[in-house]
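Listed below, chain by chain, are the residues.
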Amino acid sequence: MTIVSVAPGWADPQWRATALDWVTGHLDRLGRRVTGPVEARQRPWSLVWQVPTDAGPYWFKANNPGTAYEAVLLAELPRLAPGRVLDPVAVDPGRGWSLLPHGGPSLRDLAEPDPTRWADVLAAYADLQRTVAPRADDLVALGVPDQRPAALPALLADLLDDRAALLLAPGPGDPDARPAATGGDGDGSDDGGLDAATYERLRAYLPRFAEDCGRLADTGIPASVQHDDLHDGNVFAADGYRFFDWGDASLAHPFGTLLVTLRSVAHTYSLPEGDPVLLRLRDAYLEAWTDRHDRVALREAARLAVRVTTVSRALSWRRALATTDPGRAEYADAVPGWLGELFAPMPV
């Protein structure tokens, strides 16, 4: 399967009719009947329909070209890691379309009173990553972004040259560069962009960043699918733990997942950086790799991976916002925001 970049056209009545025919056709083959109008939720990176049927809701998702590879993962992961993700009703990777059954309540819906359940969630997720790792090259070939440690230094250098994505004014040598996406005076101080000092600090940090990525690559821990937005809203908890919403994912060092997950847990339960609960969750996740690696070495790799993954987050936002949708302005500061987090305290 390959991904074909096409304009979304989600507001076009003809596009909607075509998509609805695709959905109803696949539901008909399941013996399911649509019983009412769809409920739509649109973001710059995706359109989601909740489709009511006589057997409960189903979910249609259309990704924009920058995140269309999610459909590849929705097709491949059920085969590679059965039971860890939903089995799709239908997937069209070329158009970035998918149709999924209802997955039941998420962890967020259950509103757990303490974070200890995350130890089991992270163990299940680590199992998925270990299972998928041997197919990393295949997934990259199918269009999933390659953000493995060896690739990240060049990706960061390229991102620092994208002044529009960073909400910086065009440089003196860039007369044709696009202006900052949200306006402002372009110095990064009023529109959410990087300030000049942080930008120069990032430029100066490139050699050190490359060294850290090299150290990660040298650990021998194989790259795998890295969700990059794994929080309680993206884990179904009705029948074991199943993971969804892969639109931020890449092939990367697996431990980078701890950046968002542990920050999310810390925020939900008001835990400070380095809290013993967060350390126990980190270790519960790393346990899957202790058959071949020393725990001290694993913790050091996790420390490095969490920090370099701030760049992965900035890259995933840039992909998601590679659209002319005017709604992108609401989220444009996420790209420079995550890049600036490279120097912030980490959860572990």
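Below is a short write-up of the structure. (Residues numbered from 1 in each chain as written. Predicted model: local features only at pLDDT ≥ 70, side-chain atom pairs only at ≥ 80, totals over all residues. Heavy atoms only, no water.)

1. A look at the layout of surface pockets
Move 1: Taken as a whole, the largest pocket encloses approximately 1100 Å³ of empty space.
Move 2: In terms of lining residues, the largest pocket is bounded by 40 residues, among which Arg-41, Lys-61, Asn-234, Phe-244 and Asp-245 are the most central.
Move 3: Per-element accounting of the lining of the largest pocket gives the leading share, 4 residues, to strand β3 (residues 58-63).
Move 4: Here the residues of the lining of the largest pocket sort into 16 nonpolar, 13 polar and 11 charged. (1 Å grid on protein atoms, 1.4 Å probe; cavity = no way out; pocket = protein on both sides within 12 Å on 5 of 7 lines; lining within 4 Å. Points joined across faces, edges and corners; volume = space filled by probe spheres on them. Helix = DSSP H or I, 4+ residues; strand = E, 2+ residues; numbered from the N terminus. Nonpolar A, V, L, I, M, F, W, Y, C, P; charged D, E, K, R; others polar.)

2. Observations concerning the nonpolar core
Move 1: If you look at the biggest cluster of nonpolar residues, it comprises 84 residues, and the most contacted ones within it are Phe-243, Trp-246, Phe-255 and Leu-339.
Move 2: A per-element tally of this core places helix α10 (residues 295-320) first, with 12 residues.
Move 3: Excluding anything up to four places from it in sequence, Trp-246 contacts Tyr-69, Glu-70, Leu-73, Leu-74, Leu-77, Val-85, Tyr-125, Leu-128, Val-225 and His-227.
Move 4: Core analysis: the next-biggest nonpolar cluster, separate from the first, contains 15 residues, Tyr-58, Ala-62, Trp-97 and Leu-99 among them. (Core = buried A, V, L, I, M, F, W, Y, C linked by side-chain atoms within 4.5 Å. Buried < 20%, exposed > 50% of the residue type's maximum accessible area, 1.4 Å probe, protein only. Contact = heavy atoms within 4.5 Å.)

3. As for helix α6 (residues 152-160)
The periodicity of an α-helix, 3.6 residues per turn, causes residues three or four positions apart to be oriented the same way.
Move 1: Of the positions making up α6, those classed as buried are Leu-152, Pro-153, Leu-156, Leu-159 and Leu-160. The buried residues of α6 occupy an angular sector of 125 degrees when projected down its axis, which confines them to one face.
Move 2: Taken together, the buried residues of α6 touch β6 (146-147), α7 (196-218), α10 and α11 (334-340). (Arc of directions from axis to C-beta.)

4. Let's talk about the packing of aromatic side chains
Move 1: With the rule as written, the count across this model stands at 16 aromatic pairs.
Move 2: Aromatic pair Trp-22 and Trp-97: ring centres 5.5 Å apart, planes at 70 degrees, arrangement edge-to-face. Taken together, the positions of Trp-22 in helix α1 (residues 13-29) and Trp-97 in strand β5 (residues 97-101) put the pair 75 residues apart, joining distant regions of the chain.
Move 3: By relative accessible area, Trp-97 is classed as buried at 3%.
Move 4: When the ring of Phe-255 is compared with that of Tyr-285, the centres are 5.7 Å apart and the planes differ by 80 degrees; the resulting orientation is edge-to-face. Separated by 30 residues along the polypeptide, Phe-255 in the loop between β10 (250-252) and α8 (258-268) and Tyr-285 in helix α9 (residues 276-286) bring together distant segments of the chain. (Phe/Tyr/Trp six-rings, centres within 6.5 Å; stacked < 30°, edge-to-face > 60°.)

5. As for the sheet that holds strand β7 (residues 224-226)
Move 1: Spatial ordering of the open sheet is given by β6-β10-β7, a layout of 3 strands whose pairing is mixed. The sheet is open, and its two borders are formed by β6 and β7, each paired with just one other strand.
Move 2: Inspection of the sheet shows β6 paired to β10 by 2 bridges, in the parallel sense. Bridging across to β10, Gln-147 finds its partner in Ala-252. (Pairing = 2+ DSSP bridges.)

6. Points about the environment of Val-265
Move 1: By the secondary structure assignment, Val-265 is in helix α8.
Move 2: When the C-alpha positions of Val-265 and Asp-232 are compared, they lie 8.2 Å apart, and in sequence the two are 33 residues distant.
Move 3: Sequence-distant contacts of Val-265, that is, excluding residues within four places in its chain, are made with Pro-115, Trp-118, Leu-271, Leu-278 and Leu-281.

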